Amino acid sequence: IIRREDMPVLRAAVPCLCRIAIKDPTREGVVRKIFNVFMNFLSTQQNKKKGMDPKKIRKVTIRSLFCLGLLVKYFDFDDPNDASTTPKDKQSTKVFNILMWYCTKNKDASLQRVALQGLFHIFSREPDLLNPANKVLTTFLRDSSTEFIHLTVLRGFREFLRGEDELVNKLQTQDGELVEDKEVKLVSRKEGTDSVIPTVVQHHLKRFL
């Protein structure tokens, strides 16, 4: 399914796969293998290595960009107990950098659109990454941007804010208990969650209010 189906199916299949791996750690290797395949492919394309049919390259690139964002959103690829892991070493940051490259260095609007969708998936796990992405997102929200890209960014913010609102409500109803449903959001996101929504509105969406 991950290798062959289109985006609507992937949008449902990837979270299911991640959930299975979380519930059954013996399946974790499958998720990591898929993640590495997509990462290696995109890294190869960034280095402009040839060897595949251009149409196939574009198709696999779109799938890789979309799936990587979903994988990072629904599965934590970093060991929370590893104190030596710095922010730049985190897998989410590495995927973020690749997606940002496709947003800024690549001029294919379809690839930019999928990369933007992937970014908003990552923001659900790492909202602090909205700050380094601010300039790019602002550029895509300007009037000179195509309607195609413009709507992608606005829809991304809508889904992101909706998810944040659901998380805040869930945390409030937990009465201080830790959230165990890690495939939805990181437990470590608990502190400071209330500040995410107004910050996003103030710094990214103020001009649209």
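This is a predicted model, so every value here is computed, not measured.

Asker: Can you tell me about the overall build of the chain, naming the residues and giving the values?
Answerer: When helices and strands are tallied, the chain shows eight helices and zero strands. Listed N to C, the secondary structure of the chain is α-α-α-α-α-α-α-α in terms of helices and strands. Out of the 209 residues belonging to the chain, those deemed buried represent 43%. The contacts in the chain between residues at least 6 apart in sequence include a share of 67% that link residues at least 24 apart. If you sum the accessible surface of the chain, you get close to 12200 Å²; carbon and sulfur atoms cover 52% of it.

Asker: Summarise the pattern of salt bridges; cite the residues concerned and give the values.
Answerer: Where charged atoms of side chains with opposite charge meet at close range, the side chains can pair. For the structure shown, the criterion picks out six salt bridges. Here arginine 58 makes a salt bridge to aspartate 108, at a shortest N to O gap of 3.0 Å. One end of the pair, arginine 58, is in helix α3 (residues 54-74); the other, aspartate 108, is in the loop between α4 (91-104) and α5 (109-125), with 50 residues separating them in the sequence. Here arginine 58 falls in the partly exposed class, since its relative accessible area comes to 34%. Overall, aspartate 108 belongs to the partly exposed group, its relative accessible area being 24%. Shared partners join several salt bridges into a network, and the residues in it are Arg158, Glu159 and Arg162.

Asker: An account of the side chain of arginine 63 is requested, with residue identities and associated values reported.
Answerer: Looking at the element boundaries, arginine 63 is found in helix α3. Beyond its immediate stretch of four places on either side in the chain, arginine 63 contacts Ile1, Ile2, Arg3, Arg4, Glu5, Leu10 and Phe38.

Asker: Which residues make up the packing of α4 against α5, and what values do they have?
Answerer: Remark: α4 packs on α5, axes separated minimally by 8 Å, with the N-to-C direction vectors making an angle of 155°. Taken together, the axes of α4 and α5 lie roughly antiparallel to each other. Relative to α5, α4 is oriented so that their crossing is left-handed. Along its contact with α4, which presents Ser92, Val95, Phe96, Leu99, Met100, Tyr102 and Cys103, the element α5 presents Leu111, Gln112, Ala115, Leu116, Gly118, Leu119, Ile122 and Phe123.

Asker: Outline α3, listing residues and values.
Answerer: Helix length check: α3, at 21 residues, gives a terminal C-alpha distance of 30 Å against a target of 30 Å (1.5 Å per residue), a fit within 8%. For α3, the buried fraction is high: 15 of the 21 residues fall into the buried class.

Asker: Tell me about the nonpolar core, and please be specific about residues and values.
Answerer: Counting 52 residues, the largest nonpolar core has Leu71, Phe123, Leu137 and Val153 as the members making the most contacts within it. Those elements giving two or more residues to this core turn out to be α1 (7-23), α2 (28-46), α3, α4, α5, α6 (130-140) and α7 (147-173). If one sorts the elements of this core by residue count, α3 sits on top with 10 residues. The residues touching valine 153, leaving out its near neighbours within four places in the chain, are Leu116, Phe120, Leu137, Phe140 and Leu141.

Rules and cut-offs
- Residues numbered from 1 in each chain as written.
- Predicted model: local features only at pLDDT ≥ 70, side-chain atom pairs only at ≥ 80, totals over all residues.
- Heavy atoms only, no water.
- Helix = DSSP H or I, 4+ residues; strand = E, 2+ residues; numbered from the N terminus.
- Buried < 20%, exposed > 50% of the residue type's maximum accessible area, 1.4 Å probe, protein only.
- Contact = heavy atoms within 4.5 Å.
- Areas by Shrake-Rupley, 256 points an atom, 1.4 Å probe, with all protein chains shown as cover.
- Salt bridge = Lys/Arg side-chain N within 4 Å of Asp/Glu carboxyl O.
- Axes fitted to C-alpha atoms, helices over the stretch in contact; angles between N-to-C directions.
- Parallel < 35°, antiparallel > 145°, perpendicular 65-115°, else oblique.
- Left-handed = near helix turned anticlockwise from the far one by under 90°.
- Expected span 1.5 Å × (residues − 1).
- Core = buried A, V, L, I, M, F, W, Y, C linked by side-chain atoms within 4.5 Å.

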